[in-house]
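Each chain, letter by letter, is given below.
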Amino acid sequence: MRRIALTVAAGAFLAVAATTAASAQLAQGIVRVGTDVDAQTLDPRLMRDTTAYRVVNLLFSGLIQLDETLTPKPDLATSWENPDPRTWVFTIRTDAKFHDGSPVTAEDIVYTYETTLDPKLNARFRSLYTPIDKIEAVGANQIRMTLKEPYAPLLSYLDLGIVPKKLAEGGADLSNAPVGSGPFRLARWQKGSRISLAANPDHFGGRPGVNGIDFVVVPDNTARAQAFEAGDLELIQSPLSPRDIKRLEGNSRFAKSISTGIAVTYVNFNTANPLLADPRMRRALAMMVDQATIVGQIYEGTDKPATSLLLSASVWSYSADVKQPAFDPKAAVALLNEMGWRDTNRDGVLDKDGRKLSIVLSTHAEDPNRIQTVEYMQNVMKQNGIDATIRVTDWPAFSGGVQQGQHEVALLGWTLLVDPDRLMYAQLHSKGGLNWGKYANAEVDRLLDAGRAAQTLPARAAAYRDAARILGQEVPYYVLSEQGYQVFHVPALQGFRADPRGMLRSLAAAK
Amino acid sequence: MTALRRLGSNLPLLVGGLIVVAILFIAIFHPWLSPYGPEQMDMRNRLALPSAAHWLGTDNFGRDLWTRLAHGAAISLSIALGSVAVAAAIGTLIGLVCGYHGGWLDLILMRIVDLFLGFPALILAMALVAVLGPGAVNVAIALVAVFWTEFARVVRAAVMAERQRDYVRSALALGASDARVILVHILPNTLGPIVVLATLAIGTAIVAESGLSFLGFGVQPPAPTWGWTLAYGMRFLRSDPWLCTVAGLAIMITVLGFNLLGDGLRDLLDPRGMTRRGEGATPAAGPDSSSGRAS
Amino acid sequence: MLSYLVRRLLLLIPFSLGVAFVVFALLHVIPGDPAIVLLGEEATAEALAQVRTNLGLDQPLPVRFGLYLLDLVRLDLGRSIFRNEAVSTVIAERFAATAEVALLATLLSVVVGVTLGVVAAVRRGSIVDVGCMLFAQLGVSMPVFWLGILLMYLFAVRLAVLPSIGRGEPLVDALLAAAMGNPGVLRTSLAHLAMPVVALGLNGAAILSRLVRSSMLETLSADYVRTARAKGLPIRRVVMGHALRNALLPVISVVGLQFGALLGGAVLTEGIFGWPGLGQLAVGAISQRDIPLVQGLVLVFALMFALVNLAVDVLYVVVDPRVRLR
């Protein structure tokens with residue numbers, strides 16, 4: 001008994017100690033942010049993971065910044081114009097300095113984009129910029145971009161961090177010792193556990209209101225939530241475990257922001273597979289996805305059931321009137337019967353011409369929620385006469401298979417959808433570079449081209465809505481959910497505004 | 001009579017044997033031991049605690065946990081028994097050849113054994129499953145690759161010791177063929193260590209199989225393997241620790257049963273302690289089995 | 001002795017080549033490649049082909065293996081594809097994390113295992129003996145990662161007295177800080193170390209206690225020990241001075257093997273406690289198909305294992321002069 005009392009006392013002591021430590025940290029102006037993985041490289045051209053994406057955003061400046069409504073705002077560029085659909089001209093500021101004191105010049109900007117476009121660099125996001133034909137400096141304070149074809153989404157991608165040409169060409173290790181011109185500079189990077197940033201007093205936007213931001217790596221979602229509750233972190237954000245979100249939401253000690261992010265979880269049908277070439281088959285399978293139960297039970301309501309390929313977070317393009325098939329297993333079976341699939345031998349599995357209706361559902365092993373989703377989908381399909389099996393492999397094997405079109409029905413996700421073009425063009429345009437399901441529809445192609453060429457948002461929105469309407473009928477994709485975005489922080493973080501991408505730029509605002 | 005009395009005084013053998021028989025009974029007769037199917041879901045009754053209807057509670061899909069674990073016993077034991085049997089056969093063959101033939105063949109084969117031992121076991125198994133693709137058979141193949149070296153080493157040591165004995169020498173001097181000497185004289189005398197090693201390896205194989213599932217390189221869902229139940233249980237550790245506890249207990253009791261059985265058999269079959277001393281390669285006595293091989 | 005050592009060390013060269021070849025072959029047949037992971041969602045066929053060319057993946061296999069061996073001869077393990085750092089640097093960064101857990105866990109298992117084993121042997125048949133052996137049986141049967149989960153549930157979730165995950169400052173730095181009068185850092189480091197070390201150490205202790213017990217029983221019944229006791233030497237002297245020393249021989253080889261395996265990183269335990277060690281690094285490297293990193297790691301694992309084995313053989317001679325190395 002005494003031992004228990006002692007342990008409890010010790011626990012209480014530690015909790016108190018932790019809380020005091022927290023306020024001490026914040027009193028020094030250091031904000032500790034929990035993150036799930038360590039960054040692998042902090043070179044903005046090479047970055048791949050979300051942590052790097054969020055850290056780089058604080059270390060570097062881009063031509064523009066997206067605000068929390070995903071609207072482009074000035075950064076290094078103070079203004080821009082679009083004299084014709086293939087030309088963009090940016091006026092850049094002259095008072096920006098890199099962390100080593102050297103000025104940010106038009107040369108650096110041109111260099112950054114040219115190297116990103118250089119296939120030899122292996123830049124992950126290179127394909128976002130390939131429509132750029134030429135980028136050049138015009139005088140000391142202007143940049144001109146010439147495009148191969150009209151490409152309206154481009155502006156949203158121009159937050160690419162600008163690197164110092166001189167250092168980069170001199171062979172500096174920007175991956176591990178990044179030098180940018182953002183509101184923070186890298187103070188210390190303990191690989192695998194912590195990335196410490198310090199305020200940059202010389203930032204052109206003024207000295208940030210906080211002295212530093214520490215990204216603390218805590219891989220387990222729940223452990224991260226607990227560290228936050230114990231006062232070891234000032235801010236945590238998605239990915240979080242649904243149960244922790246529920247608990248934290250009920251705690252008045254914390255400030256929160258719960259919203260819908262710009263990522264989706266979706267089902268990819270391989271339309272090149274003979275079985276799945278018929279839109280009716282895809283529609284029948286989509287009608288067997290119990291969206292409400294999956295999102296409500298497995299994701300415990302932290303994601304939002306999607307209605308179509310249009311994302312609600314993209315306010316200007318979304319429309320609730322555009323719909324994809326809803327869960328209706330009876331209608332699905334009826335549709336299959338109509339196609340000739342019947343259970344002739346009474347073994348509980350539909351068949352046609354002596355062949356069983358067999359489907360392989362695949363996903364990757366890294367995400368337990370996706371494994372559970374596939375497992376539940378398989379169960380529902382099996383109950384409705386489809387011989388569904390599951391194939392879960394690790395990401396490279398799974399993704400490699402999907403890219404070669406070896407999959408049948410695959411569950412995967414898509415992130416950073418700052419523009420509807422990003423979800424649709426590359427994957428559903430017949431010329432799209434990521435059209436793994438080999439979907440081809442001339443009308444959809446035409447509409448997606450129109451979305452790129454249109455100069456006004458309403459015109460673009462109309463094109464994407466029409467395309468999404470057709471895609472909702474043909475179902476090459478079934479969008480399961482829009483991934484939720486949650487952030488919790490201590491109330492003392494004044495001026496913090498949640499960003500659906502998880503960016504922390506609002507902490508950089510001058511006092 | 002003496003055999004019976006020895007059995008009675010051999011507590012590990014008795015307890016281990018009883019546990020193993022019970023688990024085997026569950027594994028064989030699982031379809032008749034529960035009114036539920038292992039894939040029967042009830043999403044409104046997820047992660048329920050034990051009740052009259054579900055006396056071990058339900059898992060994250062509302063499936064009856066007892067049913068899942070009973071079916072899982074069949075899968076986990078098939079993989080463990082199958083992989084250990086094949087590993088024992090391969091390892092014994094190579095151990096016999098090495099120990100009996102010696103010379104260059106021994107040198108080469110034992111270097112290959114060293115090569116396999118140099119890989120951390122779980123990483124070797126993981127890489128193999130990644131190459132072969134997921135599924136029960138491939139997991140078993142990967143485990144064979146991990147286990148055969150232990151058998152080869154122990155059998156080789158036993159054969160080398162046996163070869164020096166007078167009766168083998170005299171048999172050879174009397175003109176007995178190599179095959180006859182191996183089959184009639186040497187193999188029976190190495191059977192003790194092999195059987196003991198095999199029982200101990202089965203325990204390790206069960207843990208390794210769950211470890212692979214835990215890493216996402218195991219048998220495919222919805223197969224009710226213990227590893228999957230444990231891996232899902234880990235996701236719900238904080239809110240529903242029950243799932244994890246029960247799955248872990250199932251593994252532990254089974255491994256305990258096989259380990260006790262192995263200990264008991266050792267006292268019975270191998271009083272000289274070949275498997276105990278050997279080259280420190282016994283699964284239960286080497287780190288390969290526990291901390292190293294499946295941690 | 002010296003020529004023996006030289007010979008064993010020289011044997012490491014063909015051994016390393018063999019390991020390098022096996023890993024290379026395995027990585028070649030594994031589905032999925034680093035280009036896919038590198039490009040992630042942006043992997044167009046054209047971009048994939050380009051990245052494969054950049055990484056040299058489109059070269060014929062013998063050429064690739066030859067190039068790798070050339071680097072190896074120069075003791076260059078190559079660069080990690082995903083971390084833009086030399087493989088040797090990446091491994092060195094994580095090695096300390098694994099080594100401190102391995103050392104402490106081995107220490108714990110030796111202290112607990114030998115103590116329990118000796119006590120159980122001396123008090124053979126008593127309730128203490130039964131208790132020790134029960135601990136040993138349960139400890140051996142309990143999957144280490146499950147024990148880790150249980151520890152985490154008890155100490156991090158229920159009692160909330162230990163951090164559930166992650167690592168504090170490196171132990172060496174923490175010790176220095178403590179020496180400089182800042183014990184808080186050391187306390188944090190030890191709090192993080194506690195659960196992984198206990199999970200791995202208890203399992204080792206269970207294995208060792210059985211071994212020490214049976215080994216002790218054998219030596220305790222040996223003639224010279226009986227003689228010593230007959231001569232009236234106190235039991236403590238007999239146990240410590242004679243029996244334990246001889247019983248330690250098989251223990252050394254098992255401890256060596258355990259330590260060697262732990263240096264390879266306890267994959268699952270590190271995963272559960274988010275410990276940034278070599279095991280986690282290896283799993284990550286495999287799942288990213290970071291070919292140079294996987295190759296480097298496996299080579300390092302194999303060499304460590306071989307060196308620990310060698311050290312064990314040498315220790316044998318030191319402890320027991322009757323053993324000769326040839």
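The rules behind the values
Residues numbered from 1 in each chain as written. Chains lettered and ligands numbered in written order. Predicted model: local features only at pLDDT ≥ 70, side-chain atom pairs only at ≥ 80, totals over all residues. Heavy atoms only, no water. Core = buried A, V, L, I, M, F, W, Y, C linked by side-chain atoms within 4.5 Å. Buried < 20%, exposed > 50% of the residue type's maximum accessible area, 1.4 Å probe, protein only. Domains from an automatic or database assignment. Contact = heavy atoms within 4.5 Å. Buried area = accessible area lost by both parts, 1.4 Å probe. Salt bridge = Lys/Arg side-chain N within 4 Å of Asp/Glu carboxyl O. Pairing = 2+ DSSP bridges. Helix = DSSP H or I, 4+ residues; strand = E, 2+ residues; numbered from the N terminus. Axes fitted to C-alpha atoms, helices over the stretch in contact; angles between N-to-C directions. Right-handed = clockwise from strand over helix to strand, strands pointing away. Parallel < 35°, antiparallel > 145°, perpendicular 65-115°, else oblique. Left-handed = near helix turned anticlockwise from the far one by under 90°. Nonpolar A, V, L, I, M, F, W, Y, C, P; charged D, E, K, R; others polar. Phe/Tyr/Trp six-rings, centres within 6.5 Å; stacked < 30°, edge-to-face > 60°. Lys NZ or Arg CZ within 6 Å of the ring centre and 35° of its normal. Polar contact = N/O pair within 3.5 Å; in protein donor to acceptor, adjacent residues only side chain to side chain. Expected span 1.5 Å × (residues − 1).

### Considering the nonpolar core
In terms of nonpolar packing, the biggest core is built from 164 residues, with Phe151(B), Ile206(B), Leu212(B), Phe214(B) and Leu297(C) touching the most fellow members. In terms of domain composition, this core takes at least three residues from each of domain 1 (2–73) and domain 2 (91–319) of chain C. Once residues lying within four places of it in the same chain are set aside, the contact partners of Phe214(B) are Leu230(B), Ala231(B), Met234(B), Phe145(C), Ile149(C), Leu268(C) and Ile272(C). Val55(A), Leu448(A), Tyr464(A) and Leu38(C) belong to the second-largest nonpolar core, a separate cluster that totals 127 residues.

### So, the interface of chain C and chain A
Quoted interface sizes are often the accessible area lost when the parts come together. With 36 residues of chain C at the interface, the matching set in chain A holds 44 residues. Between chain C and chain A the total buried area reaches about 3,200 Å² when both faces are included, carbon and sulfur atoms providing 50% of it. At the boundary of chain C with chain A, the tally comes to two salt bridges. The closest approach of N and O atoms between Arg289(C) and Asp394(A), which form a salt bridge, is 2.8 Å.

### Examining the sheet that holds strand β7 (residues 142–147) of chain A
Residues and elements named next belong to chain A. The four strands are arranged β4-β5-β7-β6 in an open sheet whose pairing can be described as antiparallel. With partners counted over all chains shown, the strands left at the sheet margins are β4 (77–84) and β6 (132–138), one partner each. Taking each pair of neighbouring strands and ignoring which way they run, the sheet shows an average axis angle of 20°. Inspection of the sheet shows β4 paired to strand β5 (residues 87–92) by five bridges, in the antiparallel sense. Its bridge partner being in β5, tryptophan 80 is matched across the sheet by phenylalanine 90. Lying on the sheet, helix α3 (residues 106–117) is in contact with β5, β6 and β7; it crosses β6 at an angle near 165°.

### Describing the pairing of strand β16 (residues 358–364) of chain A
Residues and elements named next belong to chain A. In terms of residue burial, β16 counts as a mostly covered element, since five of its seven residues are buried. Between β16 and its parallel partner strand β17 (residues 387–393), the chain crosses via helix α11 (residues 368–383), and the hand of that crossover is right-handed. Examined bridge by bridge, β16 and strand β18 (residues 409–414) share two bridges and lie parallel to one another. Across the sheet, residue serine 362 finds its bridge partner in β18, namely alanine 410.

### Thoughts on the packing of helix α1 (residues 2–29) of chain C against helix α14 (residues 291–319) of chain C
All names here are of chain C. At a minimum axis distance of 9 Å, the contact between α1 and α14 shows a crossing angle of 150°. Overall, the two elements α1 and α14 adopt an arrangement that is roughly antiparallel. Between α1 and α14 the crossing geometry is right-handed. Split by residue class, the contact of α1 with α14 holds 20 nonpolar, three polar and two charged.

### Quick notes on the packing of aromatic side chains
All told, the structure shown has 16 aromatic pairs over all chains when counted by the stated rule. Here Phe21(C) and Phe65(C) contribute two aromatic rings whose centre-to-centre distance is 5.5 Å and whose plane-to-plane angle is 80°, an arrangement assigned as edge-to-face. Linking Phe21(C) in helix α1 with Phe65(C) in helix α4 (residues 61–73), this pair joins segments that are 44 residues apart in sequence. Here Phe21(C) falls in the partly exposed class, since its relative accessible area comes to 48%. Taking the relative accessible area as the measure of exposure, Phe65(C) reaches 16% and is therefore buried. Taken together, Trp80(A), Trp88(A) and Phe90(A) form an aromatic cluster joined through their ring pairs. In this arrangement the basic side chain of Arg163(B) is found over the ring face of Tyr100(B), its NZ or CZ atom lying 4.6 Å from the centre.

### Brief notes about the interface of chain C and chain B
Taken together, the contact between chain C and chain B spans 51 residues of the former and 49 residues of the latter. Of the roughly 4,400 Å² buried at the junction of chain C and chain B (both faces included), carbon and sulfur atoms supply 77%. Run the count over chain C and chain B and you get one salt bridge. Arg210(C) serves as the salt-bridge partner of Asp263(B), at 2.5 Å between the closest nitrogen and oxygen. Joining chain C to chain B, the criterion identifies three residue pairs in polar contact (both at pLDDT 80 or more). Among the elements that take part in the side of chain C that touches chain B, helix α9 (residues 183–220) of chain C stands out by supplying eight residues, more than any other.

### With respect to the packing of helix α6 (residues 136–163) of chain B against helix α8 (residues 178–214) of chain B
Residue and element names in this part refer to chain B. One way to put it is that α6 packs onto α8 with a least axis distance of 9 Å and a crossing angle of 155°. The angle between the axes of α6 and α8 places the two elements in the roughly antiparallel class. Between α6 and α8 the crossing geometry is right-handed. Among the residues making up the contact of α6 with α8, the classes are represented as 17 nonpolar, three polar and four charged.

### Overview of helix α6 (residues 127–141) of chain C
Helix length check: α6(C), at 15 residues, gives a terminal C-alpha distance of 21 Å against a target of 21 Å (1.5 Å per residue), a fit within 8%. Among all positions of α6(C), only Asp129(C), Cys132(C), Met133(C), Ala136(C), Gln137(C), Gly139(C), Val140(C) and Ser141(C) are buried. On its buried face, α6(C) is in contact with α10 (241–269) of chain B together with α5 (87–122) and α9 of chain C.

### Details of the domain arrangement of chain A
All names here are of chain A. The domain boundaries assigned to chain A delineate domain 1 (10–58 + 182–254 + 490–508), domain 2 (61–167) and domain 3 (261–484). On a C-alpha basis, the centroid separation for the pair domain 1 and domain 2 is 28 Å. Residue-level contacts link 19 residues of domain 1 with 25 residues of domain 2. Across the domain 1/domain 2 interface, buried area totals approximately 1,900 Å², and carbon plus sulfur atoms make up 53% of it. Considering only the side of domain 1, the residues that lose the most area to domain 2 are Arg45, Phe204 and Arg501, jointly responsible for 41% of the buried surface there. At the surface where domain 1 touches domain 2, the tally comes to three salt bridges. Two residues, arginine 505 and aspartate 75, come together in a salt bridge whose shortest N-O distance is 3.7 Å. Here domain 1 is connected to domain 2 by eight residue pairs in polar contact (both at pLDDT 80 or more). In terms of residue class, the side of domain 1 that touches domain 2 is made up of seven nonpolar, four polar and eight charged.

### As for unusual backbone geometry
Backbone torsion omega between Ser238(A) and Pro239(A) reads 0°, so that peptide bond is classified as cis. For the peptide bond that leads from Pro221(B) to Pro222(B), omega is 5°, which places it in the cis range. Looking at the secondary structure, you find Pro222(B) in the loop between α8 and α9 (226–235). At Arg346(A), a position not held by glycine, the phi torsion is positive, near 55°. Despite not being glycine, Leu47(B) has its phi angle at roughly 50°, a positive value. Tracing the backbone through its elements, the reader meets Leu47(B) in the loop between α2 (11–29) and α3 (65–101).

### Notes on the pattern of salt bridges
The full count for this structure, using the stated rule, is 35 salt bridges over all chains. Of the charged contacts, one joins Arg370(A) and Asp367(A) as a salt bridge, the two residues approaching to 3.5 Å between their closest N and O atoms. As a salt-bridge pair, Glu39(B) and Lys382(A) come within 3.3 Å of each other at their nearest N and O atoms. Placement of Glu39(B) in the loop between α2 and α3 and of Lys382(A) in helix α11 is noted, with the two residues assigned to different chains. For Glu39(B), a relative accessible area of 27% gives the class partly exposed. The partly exposed category is assigned to Lys382(A), whose relative accessible area is 41%. Here the residues in one salt-bridge network are Glu375(A), Asp59(B), Arg63(B) and Arg68(B), joined through shared partners.

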